[in-house]
Amino acid sequence: MYISTRGNHERVTASRAIKMGMVPSGGLFVPESIPTITLEELINLQNSSYQEIAEKILSLYLDDYSIDEIKDCVNSAYNEKNFDHPFMAPIYKLNEHTYVLELWHGPTAAFKDMALQIMPYFLSLAIKKVGADKEIVILVATSGDTGKAALEGFKNIPGIQIIVFFPYQGVSKVQELQMTTTDGKNTYVVAVKGNFDDCQSAVKEIFANEEFNDILNDKGYELSSANSINWGRLLPQVIYYFSAYLNLLKEREIQPGEKVNFVVPTGNFGNILAGWYAYKMGLPVNKLICASNENKVLTDFFQTGIYDRNREFKQTNSPSMDILVSSNLERFLFEQTNHNADKIKQWMNDLNTKGKFIIDKETKSSIDQILVSGFATQEETLETIKKVYQSKNYTLDTHTAVAVKVYYEYLRETKDKTKTVIDATASPFKFNSSVLEAIKGAEAVDNKDEFAILEELSEVSGLPIHHGLKDLDKKPVIHKIFCTKEGIKKEIMKILGI
Ligand SMILES: *Cc1c(COP(=O)(O)O)cnc(C)c1O
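Just so you know, the residues in each chain are numbered from 1, in the order the chain's sequence is written. The predicted nature of this model means local features are confined to residues of pLDDT at least 70 and side-chain atom pairs, given and counted, to a pLDDT of 80 or more, with totals for whole chains, interfaces and linings taken over all residues. As a rule here, side-chain values come from all non-hydrogen atoms in the structure, and water together with hydrogens is ignored.

**So, the site of the ligand**
Move 1: Residues are classed as near a molecule or strand on a simple rule: at least one heavy atom within 4 Å of it. Around the ligand there are 15 residues in total, and Lys112, Asp145, Gly267, Asn268 and Thr425 lie nearest to it.
Move 2: Counted as a polar contact is a pair of N or O atoms within 3.5 Å, where, for protein atoms, one must be capable of donating a hydrogen and the other of accepting one, and residues adjacent in sequence contribute only when both atoms are in side chains. Between an oxygen atom of the ligand and a main-chain N or O atom of phenylalanine 269, the distance comes to 3.0 Å.
Move 3: Within the contact set of the ligand, an oxygen atom lies 3.2 Å away from a backbone nitrogen or oxygen of glycine 270.
Move 4: Note on areas: Shrake-Rupley, 1.4 Å probe, and residue coverage restricted to the protein chains presented here. Here the ligand loses 97% of its free accessible area of 390 Å² to cover by the protein chains.
Move 5: All residues other than Ala, Val, Leu, Ile, Met, Phe, Trp, Tyr, Cys, Pro, Asp, Glu, Lys and Arg, Gly among them, are scored as polar; the first ten of these are nonpolar and the last four charged. For the shell around the ligand, the per-class residue count stands at 5 nonpolar, 8 polar and 2 charged.

Next comes the structure, spelled out in structure tokens:
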């Protein structure tokens, strides 16, 4: 069963938690208790496919889904039609103790596909199980990558409409075109004047707005979320922490039970939180290393215990991590305080009213046991791409480069010899302009359109252009809606014909 981080909702089944997206009066659903996997079970999974690992993990959390239903979801999502690699999330060995977990082989070239290819199937089943007399409207706020991944996942799924809000001029050209060229009968894309935090807080406010929800309900609509505030979005991310470990085990890179580190380029804290759940389930993890860009609110928080969003929002060359309010931190804090909903309520209230909260020493020292953090500047990000390209002939995207930089710094400071997996969250082609700039200098990208840059990056990296990004410039732009953050509600009503 699933409970609210703020103690303000009854326990619900997995399907209800997924259908609702978040707790209506604020708060996020988390599992009441975390299932475990023994080392023996883990070793037995060693020769399993990604799909088999997925079935095992998902069935531990989705109690009210049958094993056949879970199998259907898994096979519909993780197959070679959607992913261009038979292992879905393969590992690349960078050096003796460092491995890159490539999470970008799905249809939209970012790791969001790992979850958003399967989540729509969970939701479709949830609607059937819970019984829905209403049409579901998925609202998505995106810093660039979730939007397209959600549009692809939910496109043409019966009983569901999807509306995506992205910050106008806050995403890359490729990201924008990926979204605005999406076809499908049930897809809508809206550019919002503002940054990602504006989009995210407007959407969260709409979820919590009873009056607005009543209006929608009267008209036969019900809201849900595909952001990582939805448990159905977070859960599939737990799978690849296991698959990565099992892969290393199978390749004899590690011994059974040997601990590994994971380095995660972090924005909304969803990905790294999935790693923490894997750890809590029994995966041998030494440290989770949280890597931020110049919007280093999390680095500061983990170092001081003070979360302070009162600072300038920076647009960086790793835009999918340009976030000052990391939603999933709430879940992590709930776990770190042993489910103390009163503390969480207080902190989230402080965050809302003062833009800031301070955790107690006990909670902080509990976090320090497992989590390490660091950040990279934009220059360091580009330098890291260049360095890795020149020394290893391997091309990183900007987000992954942030993680690599933070890891190098961690290594220098700690001399920790633990084998380490770096989550690669996007294909280098997705952030082609910054990547080519890093490798060939600013002149290489001056006055060039992104499609010429894609071609050139393909030559430089020796890789084919990612299948999800080819021919984007030839597709018609279908979505041209633009609004202010205050106008989002009105726009939703217009789209739904209310
Ligand atoms: C979304 C995203 C991130 C941040 O992941 P969170 O789960 O929000 O922490 C990092 N890198 C890329 C490329 C992304 O799309």
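**Notes on the pattern of salt bridges**
A side chain of one charge can pair with a side chain of the opposite charge when the charged atoms of the two come close.
Move 1: Here, a salt bridge means any Lys or Arg side-chain nitrogen found within 4 Å of an Asp or Glu carboxyl oxygen. Summed over the entire model, instances satisfying the criterion amount to 29 salt bridges.
Move 2: One salt bridge connects aspartate 300 with arginine 311, and the closest N-O pair in it is separated by 2.9 Å. In this pair, aspartate 300 is assigned in helix H14 (residues 297-304) and arginine 311 in the loop between strand S11 (306-308) and helix H15 (329-336), connecting sequence segments 11 residues apart.
Move 3: For glutamate 456, the salt bridge identified is with lysine 448, shortest N-O distance 2.9 Å.
Move 4: A simple rule labels every residue: compare its accessible area, found with a 1.4 Å probe on the protein chains alone, to the largest value its type can have, and call it buried under 20%, exposed over 50%, or partly exposed in between. Since its relative accessible area comes to 18%, glutamate 456 is described here as buried.
Move 5: Members of the salt-bridge network, linked through shared partners, are Lys148, Glu152, Lys155 and Asp183. What counts as a helix is a DSSP run of H or I of at least four residues, what counts as a strand is a run of E of at least two, and both are numbered from the N terminus.

**Considering the sheet that holds strand S5 (residues 135-141)**
Move 1: Taken in spatial order, the 5 strands of this open sheet run S8-S5-S6-S7-S15, and their pairing is parallel. Looking at the sheet topology across the chains shown, the edges are occupied by strand S8 (221-225) and strand S15 (481-484). Mean inter-strand twist for the sheet, computed between neighbouring axes without regard to direction, equals 30°.
Move 2: By this definition, two strands are paired if DSSP reports at least two bridges between them. Bridge analysis of S5 against strand S6 (residues 160-167) gives 6 bridges, and the strand direction is parallel. Across the sheet, valine 137 pairs through a bridge with glutamine 161, a residue of S6. Axis angles are defined between N-to-C directions and span 0 to 180 degrees, where every axis is a line fitted to C-alpha atoms and, for a helix, only to the segment in contact.

**Comments concerning the pairing of S5**
Move 1: When you tally the buried positions in S5, you get 6 out of 7 residues, the bulk of the element.
Move 2: Relative to S8, S5 runs parallel, the two being bridged by 5 bridges. When the bridges of S8 are listed, isoleucine 138 appears paired with serine 224.
Move 3: Chirality of the crossover, the property in question, places the unit of S5, helix H7 (residues 145-154) and S6 among those that are right-handed. Classification remark: right-handed applies to a crossover when, strands pointing away from the viewer, the course from the first strand over the helix to the second runs clockwise.

**Some details on helix H12 (residues 236-250)**
Move 1: Here a helix's expected span is defined as the number of its residues, less one, multiplied by 1.5 Å. Taking 1.5 Å of rise per residue, the 15 residues of H12 would be expected to cover 21 Å, and the 22 Å separating its terminal C-alpha atoms lies within 8% of that figure.
Move 2: Of all 15 residues that make up H12, 14 are buried, and the element is covered over most of its length.
Move 3: Arginine 252 sits one or two positions beyond H12 and adopts a positive phi of about 60°.

**What to know about the packing of aromatic side chains**
Move 1: Here a Phe, Tyr or Trp ring, Trp counted by its six-membered ring, pairs with any other such ring whose centre lies within 6.5 Å, and the pair is stacked when the planes are under 30 degrees apart, edge-to-face when over 60, and tilted otherwise. By the definition in use, this model includes 21 aromatic pairs.
Move 2: The interplanar angle of 80° and the centroid separation of 5.2 Å between the aromatic rings of tryptophan 231 and tyrosine 277 together place this pair among those described as edge-to-face. Taken together, the residues span a long stretch of sequence, with tryptophan 231 in helix H11 (residues 231-234) and tyrosine 277 in helix H13 (residues 270-281) at a distance of 46 residues.
Move 3: By the ring-pair criterion, three or more aromatic residues cluster together here, those being Tyr2, Tyr61, Trp231, Phe269, Trp276, Tyr277, Phe301, Phe302, Tyr307, Phe332, Trp347 and Phe357.

**Considering a positive patch on the surface**
Move 1: A cluster of basic side chains, namely Lys387, Arg412, Lys415 and Lys417, defines a positive patch on the protein surface.
Move 2: Relative to the elements of secondary structure, lysine 417 occurs in the loop between helix H19 (398-414) and strand S14 (420-424).
Move 3: Take lysine 417: its relative accessible area is 72%, and that puts it in the exposed class. Exposure above 30% relative accessible area and the lack of any salt bridge qualify a residue for a patch; like charges then connect within 9 Å, and the nonpolar side chains Val, Leu, Ile, Met, Phe, Trp and Tyr within 5 Å. Counting rule for charge: Lys and Arg are taken as positive, Asp and Glu as negative, and neither His nor the chain ends is counted. Taken as the charge centre is NZ of Lys, CZ of Arg, CG of Asp or CD of Glu, depending on the residue.

**Topic: the side chain of lysine 419**
Move 1: Assignment of secondary structure puts lysine 419 in the loop between H19 and S14.
Move 2: Of the polar contacts made by the side chain of lysine 419, one reaches the backbone oxygen of glutamate 253; its length is 2.8 Å.
Move 3: Only heavy atoms enter the contact rule, under which two residues are in contact if any of them lie within 4.5 Å. Beyond its immediate chain neighbours, meaning those up to four positions away, lysine 419 contacts Glu96, His97, Tyr99, Glu253, Ile254, Glu258, Lys259, Val260 and Asn261.

**Description of the environment of valine 285**
Move 1: Within the secondary structure, valine 285 is located in strand S10 (residues 285-292).
Move 2: Residue class for valine 285 comes out buried when judged on its relative accessible area of 3%.
Move 3: The spatial distance from the C-alpha of valine 285 to the C-alpha of glutamate 258 is 8.2 Å, given a sequence separation of 27 residues.
Move 4: Discounting residues that sit within four places of it in the chain, valine 285 has contacts with Lys259, Val260, Phe262, Tyr279 and Ile370.

**What about the side chain of serine 143?**
Move 1: Structurally, serine 143 can be placed in the loop between S5 and H7.
Move 2: Assessed through its relative accessible area of 8%, serine 143 is described here as buried.
Move 3: Only 3.4 Å separates the side chain of serine 143 from the backbone oxygen of serine 320, close enough to count as a polar contact.
Move 4: When residues no more than four places from it in sequence are discounted, the contact partners of serine 143 are Gly170, Val171, Gln175, Phe196, Pro319 and Ser320.

**Quick notes on the environment of isoleucine 289**
Move 1: Considering the arrangement of structural elements, one finds isoleucine 289 in strand S10.
Move 2: Accessibility expressed as a relative area gives 0% for isoleucine 289, which makes it buried.
Move 3: Residues isoleucine 289 and isoleucine 272, spaced 17 residues apart in sequence, show a C-alpha to C-alpha distance of 8.3 Å.
Move 4: Sequence-distant contacts of isoleucine 289, defined by excluding residues within four places in its chain, comprise Asn261, Phe262, Val263, Val264, Ile272, Val372, Val406, Tyr407 and Tyr410.

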